[in-house]
Amino acid sequence: MDLTLAILVTVVGASTPILIAALGELVVERSGVLNLGVEGMMLIGAIAGFVVQFHTGNPYLALLCGALAGTASSLIFGFLTLSLSANQTATGLALTIFGTGFSALAGSSYSARPVTLMPPLFPAEMASHPLAKVVFGYSFPIYFSFIMVVAIWYFLHRTRAGLILRAVGENDQSAHSIGYSVIGVRYLAVMFGGAMAGIAGACFPLLLTPQWAERMTAGRGWIAVALVVFASWKPFRLLAGAYLFGLVMTMELYAKAGGGPLSVIPSELWAALPYLATVAVLVLISLRRDASTNAPACLGKPFLPAN
Amino acid sequence: MQFRLEKRREPSQVMVYFTPFAAVVLTMVIGALIFSLIGYDGVGAVREIFLTPLTNAYKWQDLGIKAAPLIIIGVGLSIAYRANVWNIGAEGQYVIGGVAGTGVALLTYGMTGWWVLPLMVIAGILGGMAYAAIPALLKTRLNVNEILTSLMLTYASVQLIYFLIRAPWKDPMGMGFPQTRLFSEAARLPTIIPGTIVHLGVPIAVLVGLVAWFIMSRSLFGYRMRVVGAAPQAARYGGFSENKTIWMAMLVSGALAGLAGVLEVAGPFQRLVPGFPTNYGFTAIIVAFLGRLNPLGVIIAGVVLAITFVGGEVAQTTIGLPDAATGIFQAMMLFFLLAGDILIKYRIRRVGVQQTAGAA
Amino acid sequence: MPHRLELTGITKRFPGVLANDNVSFAVRPGEIHALLGENGAGKSTLVKMIYGIMQPDAGEIRWDGVPVVVPNPKAARKLGIGMVFQHFSLFEALTVLENIALGMDSKIPSRDLEARIRQVMSTYGLLLDPHRTVATLSVGERQRIEIVRALLLDPKLLIMDEPTSVLTPQEVEQLFEVLRKLAAQGCSILYISHKLHEIKALCDTATILRGGKLVDTCDPRQETSRSMAEKMIGAGLKDIVRVGERTLGAAKLVVSRLSTHKAGHFDVPVSDVSFTVRSGEIFGIAGVAGNGQNALLDALSGEIRSDDKEAVSLDGYPLGLLDTTGRRKRGLCAVPEERNGHAAVSDFTLSDNSVLTARDRLGMVMLGLINSGAAKTYTGKVIADFAVKALGPASTAGSLSGGNLQKYIMGREILQKPSVLVVSQPTWGVDAGAAAAIHQALVDLAAAGSAIVVISQDLDELRALCDTLAVINMGRLSQPRPAGEVSVEEIGLLMGGVHGAAEAHDAVPA
């Protein structure tokens, strides 16, 4: 029972940052923009969150600053791709390279200095019973991620603003000719994606390893991008995908910890598994008949008004 | 007074060549400013990173051996990116190239003969191609995004090195260090200038760049890459199969990344170590763009990026600038370059207030 | 009573072009007012300024007698201006209801909106299911969405930009009924077209533009088609010159039971198409856009290869399994409808664009290397022979105007002396001068013994050009008929999917 519970908690912890980052990217892509800089924005969010947590010990402030740092970095991407219509693929890569370097520079004086992990949201008494712990035992980002799944679904499919966002991603020229600000909508989406990536990054020092390590997100941002494809741009499928990956990563942790049947397989293979699983998942989704039909029609294409 | 973008009748060739230089200069200026603002010696940092490697003749050999893999990989990527094939996993193909070369070196350990090194190189090229073939297969058969697959395979390739040097290929005399044994003489890349560390990979890199330039600008292969990248539907109309082009682009870029990997493991490293994945594969992406996806430009861009690497090390020792600063300078270069791209197809016009209201 | 809309001295300048030069005219309430002109005459620019998409550099717009500035389409709609675009501003993946909701400036609960949509639809006889996804609708149905969207705002002025280019003659008649009904209720209509017979049938007034300038405002019912055409084009019309009595030769292109697979989600494949084109014959294929024309062209050119080698044959030699290069080598050349990105690469020079399709027939590649001198010489010849306005072979395709690019593309194929040429929409969006030159070139090529297939939506063009006519509808081809023996009405019914005389009789609109 205890072990199951412990595994569950680990799975939730590993899944949450991927889910949050992927939700942000989903909204960005639905507006027709492909931001491949998620990994870089996450690292910037991670270092911002870490530094604030280190100096203030206030994890909520740390999350907020992670979100702000992520947003700020997404604005670089937004300015280049939206205002200057630069190539989105290349700019996203540049953002990841930049985020890696920036976070490493900012974090260079913080190595091996621990911070405290984020405490659970609810009082300990509420989570005293093991079953209650499954529901009430987590810290804020976990609940936040679940709320955002529902909120983003509701936004996209039940609100006018969401309809406009989808319209911009489907056919930018038409949206423009009706009178919507394509660039404006996309800026907002990109900033939202940046904020979510920043929060996701801040989750690493706050939830997973309470210290700063260079490249501590270890490709999770890229997995988040892949998950959006896997989920056919649908928030609830993203939830399923993120937890599938959380499970794979948890198995890796247990395998590394040694013992049990998992350690028969070399630990390096376990470490490679999330990435290989991503490839496998992309292959599986491509086998489906309607694989790419859900992709926003304008995804990745720069917008310039025709007239 | 406000500015407005205005489409040019013809794309500006001047801007194609001018913007990369402007990007480098802007990076130096803005970089100095930013690093000063955050409390470093900004001007010193720019001087050490961009100028010292050039003025200090002792550093030139470092430049050569750092530029070589960047150029070789960058040339391959520039060909693939021309065709709109986004191979982001050159780092992984570089790693597998190095691993394949190491495999041959270990199999032939202790043997002598001129054939060992060429065999390693062939193995490295094939290794890189094989690893690039996976995303190519998935892209052409199942339309799986090559950006994500090639990148994920990179992460996996690093784990493969860790596994190999921890268990089957571990140096028996290595006192427990996770590394292979030192290659025997026949498996090491010779230096071409006695008394320096400049190895055969340097002239190979320049040759690769020149040959690629000729092929890309004069041959039907180059035309195919350009037309598929510029207008896939027109390419089909012209009789160029898109899938075949994806395969070619992936295999060529994978082969060159693999070549860089095997030259690196046989040259500077001479054994496989955990630090073998040096991110050349990622930096080469910047090299390809800064070189305007033109192999000759890639040669120059490869040297520029090599300068920042060598200079970054200098700045680390002389003014205590953290290693990561190099990455920031490199990313800034790419940002400025991408920002400048708009000047190729558009010109900036100053417009009066009245007309601005009209343009809104 | 003041004019509904009055333009005075409207001027709009683009880099290198004066799109509108001091244009003034007025529209009364309830008037159907035609805006007539060739492609590039400045019609679209003018209405974009009325609808707030662009701003005039000089001049005044008055609305119900009051000077106004229309900063954006939203402001235009607020004034009571509705617009139906030539290229629909629809979102394929969204439903009819969602599409209409996007066009509304205020948030209306979707149930109320649906009720209002149904009401407008029944008033004007525009039937549609609000919950269908746009991607599944025909072009005519899509236009109905645009019209319903505009009508929901109770417009006082409705702008229609080339609305009939995608409709069958019967659908055109239905549209005119709707427009007349609207006008009778006091809504002004600004009707943009270059189709003279439509304007004569529908409009009260016509304003004619040429080269950005206003040429004349007249009553189209008092004018002849020819007199309006001459005002529009500015010079006497040139007729196609045919070489005496021609006799058609032996069968050259034989298409036999050609079918394609459904490729994309929204793609219309062709099924079981058979026809024969003889040497010297121009074979026309009419049809409403989106009925499989693209698939047919691709299947003939070789972009889509057949499983059956006999599906397409030239002089008895089977081409079905070959790709475009293989078919070109055998003498079959093709020109697709879309110029930019399909028939030509905008970012490439004209010289490089010649390599795209002429490299094999004209020996521009040796041992894998491109002979750029040969490409340049050939391109120069195309430019000279077809009077392409370009700086030279080194100009990029994207720098040419639509008409000039089309002349270049047609020239590039025709000068290869193909024994079969398949062209789609040869004069789409091309000015009259260029269109006449292209038509003449096709007639001359046929006279030299080639077999030609012209796929077009422009019935006037096909009737002027072709010896034989067939109609494509939902991917199926009707029985070919000699062009002289078939009436517009018959073609129209076939375009609407009605085959056979009995059926045609029942389907005549009541």
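Trainee: Whenever I open this one, the overall build of chain A confuses me. Can you help?
Mentor: A count of helical and extended segments in chain A gives 12 helices and zero strands. In summary, chain A has a C-alpha radius of gyration of 19 Å against a globular reference of 19 Å for 307 residues, a match within 12%. A total of 307 residues make up chain A; the buried ones form 54% of that total. If you take every contact in chain A between residues at least 6 apart in sequence, the share linking residues at least 24 apart comes to 78%.

Trainee: Just to check I follow, could you spell out the interface of chain B and chain C for this structure?
Mentor: It is common to give the size of an interface as the accessible area that goes away when the parts come together. Every contact between the two is made by 21 residues of chain B and, on the other side, 27 residues of chain C. Secondary structure elements with two or more residues in the side of chain B that touches chain C: helix H8 (220-230), helix H9 (232-237) and helix H15 (353-359) of chain B. Top element by residues in the side of chain B that touches chain C is H8 of chain B. It accounts for five residues. Among the residues forming the side of chain B that touches chain C, the class breakdown is 11 nonpolar, five polar and five charged.

Trainee: Quick question: what am I supposed to make of the environment of Leu209 of chain C here?
Mentor: Summarising the element assignment, Leu209 of chain C is placed in strand S9 (residues 205-210). Between the C-alpha atoms of Leu209 of chain C and Asp272 of chain C, which are 63 residues apart in sequence, the distance is 45 Å.

Trainee: Honestly, the interface of chain A and chain B in this entry has me stumped. Any pointers?
Mentor: With 38 residues of chain A at the interface, the matching set in chain B holds 34 residues. When contributions to the side of chain A that touches chain B are tallied by element, the ones reaching two or more residues are helix H3 (59-83), helix H4 (88-106), helix H10 (220-230) and helix H12 (267-287) of chain A. The biggest single contributor to the side of chain A that touches chain B is H4 of chain A, with 12 residues. Counted by class, the side of chain A that touches chain B contains 26 nonpolar, 11 polar and one charged residues.

Trainee: Which parts of the structure should I look at to understand the pairing of strand S4 (residues 58-63) of chain C?
Mentor: Moving residue by residue along a regular strand, the side chains alternate between the two faces of the sheet. Residue and element names in this part refer to chain C. Pairing of strand S1 (residues 5-14) with S4, which is carried by five bridges, proceeds in the antiparallel orientation. Paired with Leu7 across the bridge in S4 is Ile61. Note that S4 and strand S5 (residues 66-68) share three bridges and pair antiparallel. Bridge pairing in S5 links Ile61 to Val68. Taking the residues that link successive antiparallel strands as the turn, the S4-S5 hairpin has two residues, and the phi of Asp64 there is positive, at about 50 degrees.

Trainee: How do you make sense of the confidence of the model for chain B when you look at a structure like this?
Mentor: Interpreting fine coordinate detail is not advised for predicted regions of low pLDDT. Here chain B averages 91 in pLDDT, while 97% of its residues score no lower than 70. Counted against residues more than four places away or in other chains, residues 353-360 of chain B, with its pLDDT under 50, gives eight contacts.

Trainee: Explanation requested: the sheet that holds strand S7 (residues 157-161) of chain C in the structure shown.
Mentor: The strands making up a sheet associate through hydrogen bonds between their backbones, and the pairing can be parallel or antiparallel. Residues and elements named next belong to chain C. Reading across the sheet, the six strands line up as S6-S7-S8-S3-S9-S10 and stay open at both edges, with mixed pairing between neighbours. In this open sheet, the two edge strands, each paired with only one partner strand, are strand S6 (81-84) and strand S10 (213-218). Pairs of neighbouring strands in the sheet enclose a mean axial angle of 20 degrees, with direction left out of account. Bridging between strand S3 (residues 32-36) and strand S8 (residues 188-193) involves five bridges; their strand directions are parallel.

Trainee: What am I meant to see in the packing of helix H2 (residues 38-56) of chain A against H3 of chain A here?
Mentor: Pairs of packed helices are described in terms of their axes, by the angle between the two and the distance that separates them. Residue and element names in this part refer to chain A. Two elements in contact, H2 and H3, have axes separated by 7 Å at closest approach and are oriented at 145 degrees. Like other packed secondary-structure pairs, H2 and H3 cross with a definite hand, here right-handed. Of the residues in H3, those in contact with Gly40, Met41, Ile44, Gly45, Ala48, Gly49, Val52, Gln53 and Thr56 of H2 are Pro59, Leu61, Ala62, Leu63, Cys65, Gly66, Ala69, Gly70, Ser73 and Ser74. Of the residues in the contact of H2 with H3, the class split is 10 nonpolar, nine polar and no charged.

Trainee: Would you take a moment to explain helix H3 (residues 96-103) of chain C for this structure?
Mentor: Because each turn of an α-helix spans 3.6 residues, side chains separated by three or four positions in sequence point in the same direction. Along H3 of chain C, seven of the eight residues are buried, which leaves the element largely enclosed by surrounding structure. Those residues of H3 of chain C not exposed but buried are Val96, Glu98, Asn99, Ile100, Ala101, Leu102 and Gly103 of chain C. Residues of H3 of chain C that are buried make contact with helix H7 (160-170) and helix H8 (172-178) of chain A together with helix H4 (110-124) and helix H5 (139-151) of chain C.

Trainee: What's the story with the sheet that holds S1 of chain C in this structure? I'm lost.
Mentor: Residue and element names in this part refer to chain C. On the basis of which strands lie adjacent, the open sheet formed by four strands has the order S2-S1-S4-S5 and antiparallel pairing. The sheet is open, and its two borders are formed by strand S2 (17-27) and S5, each paired with just one other strand. Pairwise comparison of adjacent strand axes, ignoring direction, gives a mean angle of 30 degrees for this sheet. In the sheet, S1 pairs with S2 via seven bridges, with the strands oriented antiparallel. The residue of S2 that forms the bridge with Leu5 is Val27. Packed onto the sheet, helix H1 (residues 43-50) meets S1, S2 and S4 and runs at close to 120 degrees relative to S1.

Trainee: Can you help me understand the nonpolar core in this one?
Mentor: One recurring pattern in soluble globular proteins: nonpolar side chains tend to sit buried together. The biggest cluster of nonpolar side chains holds 379 residues, and the ones touching the most others in it are Ala22 and Leu227 of chain A together with Ile73 and Phe335 of chain B. Ranked by the residues each element gives to this core, the list is headed by helix H9 (residues 182-208) of chain A, at 16 residues. With residues up to four places along the chain from it excluded, the contact list for Leu227 of chain A reads Ile18, Ala22, Leu238, Gly241 and Ala242 of chain A.

Trainee: Sorry if this is basic, but what is going on with the packing of H12 of chain A against helix H6 (residues 146-166) of chain B here?
Mentor: In contact at an axis separation of 9 Å, H12 of chain A and H6 of chain B are set at 160 degrees when each is read in the N-to-C sense. Taken together, the axes of H12 of chain A and H6 of chain B are roughly antiparallel relative to one another. At the point where H12 of chain A passes H6 of chain B, the crossing takes the left-handed sense. Each of Glu268, Ala271, Ala272, Tyr275, Leu276, Thr278, Val279 and Leu282 of chain A in H12 of chain A lies in contact with H6 of chain B, whose residues at this interface are Leu148, Thr149, Met152, Leu153, Tyr155, Ala156, Gln159, Tyr162 and Phe163 of chain B. Per-class residue counts for the contact of H12 of chain A with H6 of chain B are 13 nonpolar, three polar and one charged.

Parameters and conventions
- Residues numbered from 1 in each chain as written.
- Chains lettered and ligands numbered in written order.
- Predicted model: local features only at pLDDT ≥ 70, side-chain atom pairs only at ≥ 80, totals over all residues.
- Helix = DSSP H or I, 4+ residues; strand = E, 2+ residues; numbered from the N terminus.
- Rg over C-alpha atoms; globule rule 2.2 N^0.38 Å.
- Buried ≥ 20, exposed ≤ 12 C-beta atoms within 10 Å, placed from the backbone.
- Contact = placed C-beta atoms within 7 Å.
- Nonpolar A, V, L, I, M, F, W, Y, C, P; charged D, E, K, R; others polar.
- Pairing = 2+ DSSP bridges.
- pLDDT = per-residue confidence, 0-100.
- Axes fitted to C-alpha atoms, helices over the stretch in contact; angles between N-to-C directions.
- Left-handed = near helix turned anticlockwise from the far one by under 90°.
- Core = buried A, V, L, I, M, F, W, Y, C linked by C-beta atoms within 7 Å.
- Parallel < 35°, antiparallel > 145°, perpendicular 65-115°, else oblique.

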